[in-house]
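Letter by letter, the chains look like this.
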Amino acid sequence: MKLIAVDLSTKLWFYILVDSRMRPRNHASIVTVDQRLYVFGGQDKCGNELSTYCIADCIDCRWRWIVLERSYPSRVSSLGCNGAATLVQGAAKILLASTSLEFVRRVVIFDVASEEFEIVSETVGGSWSHVYASTSLPPTIPTLRKRSVLPVPTIVICGQPASREEGGSLELWRYLLPPYNDLRRLNVNEQVRDMDLEMPFFVSVAGRHFLCGSQVLANVPHYDACIEVDVQRALDIQVCLRSRVTS
């Protein structure tokens, strides 16, 4: 596996040389925390899922693997592949959303300090076959008891629906971190198909979320469409918080 970086000042691409070797893999979940690079799961060249993670550290301008092919704990088993990683709780933890070859949908939190895994959501026959991106939202969800802001970190997960009947458009899910631990589908895919659009691309910029793609004209794609998704308005968040706030 080769690591590639971009120098933002020169706009030049280059390879990152890392001491020792990590097993080659595709479709891994990768995220950086300060000067460290975290690599989770993926597939080997034969398509087998890898149930290991690696950590590289940049010391004196030189990259070294400080954790190499460490196996997941038995309770986690596999994080699958085609996933996404997002920093949460001030980069103290990493949220991993992925699916296994058996289509077991998992949302897992990895503690950066203790290097421990916690499964916070797991569903057999999950709703997504691939996870393309996930991003954090600011905690702006109001409570029901008081007119104040409840600090609920919110994650938006973008994935490919597992059902082929749902076309080529992506779908969005909203996940509230523990203690709420609530995963909810936004049903954007259905609305997109009703507009005769196919949106296979997702991008998040400055807290705004966009689906990009094309109108479907005579089965020929024309990449000329962009939809902004208002995640906060798409959800009736008060319902999922009611039992916890009023109890």
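Residues numbered from 1 in each chain as written. Predicted model: local features only at pLDDT ≥ 70, side-chain atom pairs only at ≥ 80, totals over all residues. Heavy atoms only, no water.

As a further point, take the packing of aromatic side chains. Under the counting rule described, the total for this entry stands at 10 aromatic pairs. On the basis of an interplanar angle of 5 degrees and a centroid distance of 6.3 Å, the ring pair of Tyr-53 and Tyr-72 is categorised as stacked. Residue Tyr-53 is found in strand β6 (residues 52-59), and its partner Tyr-72 is found in the loop between β7 (62-71) and β8 (81-88); the two are separated by 19 residues along the sequence. Grouping residues by exposure puts Tyr-53 and Tyr-72 together as buried. An aromatic cluster is defined as three or more aromatic residues linked by ring pairs; in this entry it consists of Tyr-38, Phe-40, Tyr-53, Tyr-72, Phe-110 and Phe-117. (Phe/Tyr/Trp six-rings, centres within 6.5 Å; stacked < 30°, edge-to-face > 60°. Helix = DSSP H or I, 4+ residues; strand = E, 2+ residues; numbered from the N terminus. Buried < 20%, exposed > 50% of the residue type's maximum accessible area, 1.4 Å probe, protein only.)

Peptide bonds are trans in most cases, and residues, glycine excluded, mostly fall at negative phi. For Asp-34, which is not a glycine, the phi torsion comes out positive at approximately 55 degrees. We classify Asp-34 as exposed; its relative accessible area is 75%. In this structure, Glu-115 takes a positive phi of about 55 degrees despite not being glycine.

All right, on to the sheet that holds strand β5 (residues 36-40) then. Strands sit in the order β3-β7-β6-β5-β4 across an open sheet of five strands; the sheet is mixed. Every other strand in the sheet has two partners, leaving β3 (18-19) and β4 (29-33) as the edge strands with one partner each. Two elements, β4 and β5, share five bridges in a ladder whose sense is antiparallel. Bridge pairing links Ile-30 to Val-39 in β5. (Pairing = 2+ DSSP bridges.)

Within soluble globular proteins, side chains that are nonpolar generally end up buried alongside one another. Core analysis: the biggest nonpolar cluster contains 17 residues, and Tyr-38, Phe-40, Ile-94 and Phe-117 have the highest contact counts within it. Listing elements by their share of this core, those giving two or more residues are β4, β5, β6, β9 (93-99) and β10 (104-111). In this structure, Ile-94 is in contact with Val-31, Val-33, Tyr-38, Phe-40, Ala-85, Thr-86, Leu-87, Val-88, Val-108, Ile-109, Phe-110 and Val-112, ignoring residues within four places of it in sequence. Grouped together as the second largest cluster of nonpolar side chains are 15 residues, Leu-170, Leu-172, Leu-197 and Leu-211 included. (Core = buried A, V, L, I, M, F, W, Y, C linked by side-chain atoms within 4.5 Å. Contact = heavy atoms within 4.5 Å.)

A cluster of nonpolar residues, Ile-4, Val-6, Leu-8, Trp-13, Tyr-15 and Leu-17, forms a patch on the protein surface that exposes about 770 Å² of accessible area. If you list the elements that add at least two residues to the nonpolar patch, you get β1 (3-7) and β2 (12-16). Here Leu-8 is to be found in the loop between β1 and β2. (Patch = residues over 30% accessible without salt bridge, like charges linked within 9 Å, V, L, I, M, F, W, Y side chains within 5 Å. Areas by Shrake-Rupley, 256 points an atom, 1.4 Å probe, with all protein chains shown as cover. Salt bridge = Lys/Arg side-chain N within 4 Å of Asp/Glu carboxyl O.)

Two elements, strand β16 (residues 171-176) and strand β17 (residues 182-185), share four bridges in a ladder whose sense is antiparallel. Residue pairing in the sheet places Tyr-175 in a bridge with Leu-183 of β17. What sits between β16 and β17 in their antiparallel hairpin is a turn of five residues, with Asn-181 showing a positive phi close to 50 degrees.

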